[in-house]
Amino acid sequence: MKKSVRASRMERHHKRMAQTSKLSLVSLMDIFTILVFFLMFNASDVQVLQTDKSVKLPESSADTAAQETLVLLVNAEHILLQGQKMADVVEVMAQAADIIPALEKELTYQKNRTKIIAVESNEEEDPNEIARAITIMGDQAIPYSLLKKIMQTCAQAGYTNISLAVEQQLPAQGEQ
């Protein structure tokens, strides 16, 4: 018996669909290779400090990149060292002393802890004791007297290399 046109067309279609398709992975591997190289080269250039939504950093045209140090966050309500609350801003502003006792105690602890780690890893520490670094991320609206007390406390605890975190200002179109 002779097949109808429709039956022969369906048979051809089913034969064509029954064949396994071949997936070419070469182009996909090329794309991933390019993506990997792009991410490797560009990942090292980015340095980001974790910010808090309650802190609006002042803008600056500073070109110096941030270093990994202790981070002291100061917002309208609290003073935080590495995310741990040290003091309330209202209490610090009310006290007459220039040193913040809780902050000084924690900074001294951090300094002694790094000494212990250096001794355990057999690293020799400079007898004149290197200047310890700290980064202050202060809201642009905090009063100068508060910033002065914080910096005085840091210096008292041995952290004399003090950096202030700022938002990098983009250059104007005509200045490039």
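That block above? That's the structure.
Reading the values: the criteria
- Throughout this description, residue numbers start from 1 for each chain and increase along the sequence as written.
- The predicted origin of the model limits local features to residues at a pLDDT of at least 70 and limits the giving and counting of side-chain atom pairs to 80 or more, whereas totals for whole chains, interfaces and linings rest on all residues.
- Values shown for side chains rest on all heavy atoms present in the structure; no hydrogens or waters enter the calculation.
- Where helices and strands are cited, they refer to DSSP runs of H or I of at least four residues and of E of at least two residues respectively, numbered from the N terminus.
- Nonpolar side chains (Val, Leu, Ile, Met, Phe, Trp, Tyr) are joined into patches within 5 Å and like charges within 9 Å, using only residues with over 30% relative accessible area and no salt bridge.
- In short, Shrake-Rupley with a 1.4 Å probe defines the accessible areas, and a residue's cover is counted only from the protein chains shown.
- Put simply, a salt bridge is a Lys or Arg side-chain nitrogen that is within 4 Å of an Asp or Glu carboxyl oxygen.
- Each residue gets one of three labels from its accessible area relative to the maximum for its type: buried under 20%, exposed over 50%, partly exposed in between, using a 1.4 Å probe on protein chains only.
- Think of it this way: DSSP has to see at least two bridges between two strands before they count as a pair.
- A clockwise path from the first strand over the helix to the second, with the strands pointing away from the viewer, defines a right-handed crossover.
- Among buried residues, those of type Ala, Val, Leu, Ile, Met, Phe, Trp, Tyr and Cys that are joined through side-chain atoms within 4.5 Å constitute a nonpolar core.
- Only heavy atoms enter the contact rule, under which two residues are in contact if any of them lie within 4.5 Å.
- Identification of polar contacts relies on pairs of N or O atoms within 3.5 Å, with a donor-acceptor requirement for protein atoms, meaning one able to donate a hydrogen and the other able to accept it, and with residues adjacent in sequence counted only if both atoms are side-chain atoms.
- Throughout, an axis means a line fitted to C-alpha atoms (over the contacting stretch in the case of helices), and angles, computed between N-to-C directions, take values from 0 to 180 degrees.

Visitor: I tried to follow unusual backbone geometry on my own but got confused; where do I start?
Guide: Note on backbone geometry: most residues besides glycine have negative phi, and most peptide bonds are trans. Although it is not a glycine, Gln82 adopts a positive phi angle of roughly 55°. Here Gln82 is to be found in the loop between β3 (78–81) and β4 (84–88).

Visitor: Before we go on, may I ask you to explain a nonpolar patch on the surface in this structure?
Guide: Judged by side-chain polarity, Leu23, Leu25, Leu28, Met29, Phe32, Leu35, Phe38 and Leu39 come together as a nonpolar surface patch covering roughly 850 Å² of accessible area. The residue Phe38 is located in helix α2 (residues 26–43) in this model. Residue classification places Phe38 among the exposed positions, given a relative accessible area of 51%.

Visitor: Can you walk me through the pairing of strand β5 (residues 133–138) in this structure?
Guide: Along any regular strand, the residues point their side chains to alternate faces of the sheet. Within β5, 5 of the 6 residues are buried, which leaves the element mostly enclosed by the surrounding structure. Relative to β5, strand β2 (residues 70–74) is paired through 5 bridges, and the arrangement is parallel. Of the residues in β5, the one forming a bridge with Val74 is Gly138. This β-α-β element, β5 to helix α5 (residues 144–156) to strand β6 (residues 161–164), shows right-handed connectivity.

Visitor: Would you mind going over the nonpolar core with me for this structure?
Guide: Soluble globular proteins tend to pack their nonpolar side chains together in the buried interior. With 21 residues, the main nonpolar core has Leu72, Ile79, Leu107 and Ile150 as its most contacted residues. At the level of secondary structure, the elements contributing two or more residues to this core comprise β2, β3, β4, α3 (89–94), α4 (101–120), β5 and α5. The dominant element in this core, judged by the number of residues it contributes, is α5, at 4 residues. If sequence neighbours within four positions are ignored, Ile79 has contacts with Leu72, Leu73, Val74, Gln84, Lys85, Met86, Ala87, Val89, Val92, Ile100, Leu146 and Ile150.

Visitor: Looking at this structure, how should I read the environment of Ser4?
Guide: Along the chain, the position of Ser4 falls in the segment before α1 (5–18). Reaching out from Ser4, the side chain makes a polar contact with the backbone nitrogen of Ala7 at a distance of 3.1 Å.

Visitor: Help me understand the side chain of Thr153 in this model?
Guide: For Thr153, the position within the fold is in helix α5. Engagement of the side chain of Thr153 in a polar contact is seen with the backbone nitrogen of Ile100, the distance being 2.9 Å. For Thr153, the side chain forms a polar contact with the main-chain oxygen of Lys149, separated by 2.8 Å. In this structure Thr153 touches Asp98, Ile99, Ile100, Leu103, Glu104 and Leu107, once residues within four positions along its chain are discounted.

Visitor: Explain the sheet that holds β3 here, please?
Guide: Taken in spatial order, the 5 strands make up an open sheet running β4-β3-β2-β5-β6, and their pairing is mixed. Whereas interior strands pair on both sides, the edge strands pair on one side only; in this sheet they are β4 and β6. Within this sheet the neighbouring strands show an average axis-to-axis angle of 25°, counted without direction. Pairing geometry for β5 and β6, over 4 bridges, is parallel. Counted as the bridge partner of Ile136 is Leu164 from β6.

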